[in-house]
Amino acid sequence: MKYNVSGIHHITACAGGAQQDIDFFTQIVGLRMVKQTVLMDGTIPIYHLYYANAKAEPGSVMTTFPYGQKTGRQGSGQISATAYSAPKGSLPFWKEHFDKQKIQHAGIQERFGQKFIRFQHPAGLAFEILEDANDNRQGWTTDAIGAGESVRGFYGTVLSMREVAESERFFMEALGFRKTGQEGKFHRFEVGTGGPGKTLIFEHDPDRPAGSWGFGAGTVHHVALAVNSHDELAEQKAIYEELGYTDASDIKDRYYFYSMYTRSPGGILVECACSQAGGFYRDEDEEHLGGKLHLPPWWEHRTQEMLAQLEPIHAPETARTVRA
């Protein structure tokens, strides 16, 4: 069978306050804010904020819905942690940085021979910084985080599930991942060349209650896997249906990319996505990326209405010389 998935495209989570979220990702993690828009489903205006590496590459893009209306329930059937890759030897810097910023973290740990630090978003979301010597993507730098420490993009995700076997079959048979390791309750799966941006880790949590599936602060909504084109999205939908996963969604226009979703057997919502022409640069140039709110063309007539209901935010300065 021909598989189209090449790795992670983006990951989407529900935060709490919008400004709190912006400050966390731009000042604590050191990501570049690359887009301000709104949730394109439903009618209630909710921010959809995007953060990425220096080149705004798929595989580095974290997106959030600051969904303060309600709190989600963390549990199995969700992404339990999102891991970023950073240069070898950078974890002592990150530990000191988190301590200085009073960010809750669990210290330096190791999994599958790789050192990492798990730390907390203010909404309770878990993130990791993991050392990897082979990730050559260009990180975004800030006054506090230099090129020698900056995160390059996603390494992968940790997926919590009560049972592993059926999820293993789904990710291998429907998406083309291969199992490359097991360490205690952790099962590693990789696609393509593996490594940064191409890794998923299942965490076997047989006694953990299921988490909520809807929008709710403190939960990760979905992981999006990258394919190359709209045609490949249609092919992926056909693969799902051929294998019996018949609840795959229609292909949706997200303006910057196209998306198609299905709920995996373990409960994880899996999106497949392909970037549209121009990607995040189709409505902003390099200098002004992420600098102001953009609505899709079909909602531009609601601009003032939406602004009146959205939390006022201050976006970070976007024009910056990226240090190599």
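That block above? That's the structure.
Remember, predicted model here, so these are calculated numbers, not experimental data. (Residues numbered from 1 in each chain as written. Predicted model: local features only at pLDDT ≥ 70, side-chain atom pairs only at ≥ 80, totals over all residues. Heavy atoms only, no water.)

Draft legend 1. Local environment of the overall build of the protein chain. The helix and strand tally for the protein chain stands at five helices and 16 strands. Taken against the 2.2 N^0.38 rule, which gives 20 Å for 324 residues, the C-alpha radius of gyration of the protein chain at 19 Å falls within 12% of a compact globule. Overall, the protein chain is about 45 × 45 × 35 Å in size when its C-alpha atoms are taken along their principal axes. Within the protein chain, the fraction of its 324 residues that count as buried is 58%. Pairs at least 24 apart in sequence give 68% of the contacts found in the protein chain among residues at least 6 apart. Carbon and sulfur atoms form 48% of the exposed surface of the protein chain, whose accessible area is close to 13,300 Å². Here the protein chain holds 32 positive side-chain charges and 40 negative ones, and the gap between their average locations is 3 Å. (Helix = DSSP H or I, 4+ residues; strand = E, 2+ residues; numbered from the N terminus. Rg over C-alpha atoms; globule rule 2.2 N^0.38 Å. Buried < 20%, exposed > 50% of the residue type's maximum accessible area, 1.4 Å probe, protein only. Contact = heavy atoms within 4.5 Å. Areas by Shrake-Rupley, 256 points an atom, 1.4 Å probe, with all protein chains shown as cover. Lys, Arg positive; Asp, Glu negative; His and termini not counted. Charge placed at Lys NZ, Arg CZ, Asp CG, Glu CD.)

Draft legend 2. The arrangement of empty space enclosed by the protein in detail. Applying the stated criterion across every chain yields a total of one cavity of 30 Å³ or more. What the largest cavity holds in volume is close to 80 Å³. If you trace the largest cavity, you find 14 residues lining it, with G77, Q78, V220, H221 and R263 closest to the centre. Elements that contribute at least two residues to the lining of the largest cavity include exactly β5 (78-86) and β13 (219-226). Looking at the lining of the largest cavity, the element that brings in the most residues is β13, giving four residues. Counted by class, the lining of the largest cavity contains five nonpolar, eight polar and one charged residues. (1 Å grid on protein atoms, 1.4 Å probe; cavity = no way out; pocket = protein on both sides within 12 Å on 5 of 7 lines; lining within 4 Å. Points joined across faces, edges and corners; volume = space filled by probe spheres on them. Nonpolar A, V, L, I, M, F, W, Y, C, P; charged D, E, K, R; others polar.)

Draft legend 3. Broad picture of the pairing of strand β12 (residues 199-204). Burial analysis of β12 places five of its six residues in the buried class, which makes it a mostly covered element. Pairing analysis gives six bridges linking strand β9 (residues 153-161) to β12, with the strands arranged parallel. Looking across to β12, one finds that S160 is bridged to E203. Bridge count between strand β11 (residues 186-190) and β12: five bridges; the pairing is antiparallel. The partner of R188 across the bridge, within β12, is I201. (Pairing = 2+ DSSP bridges.)

What is shown is where atoms sit, not what they do.
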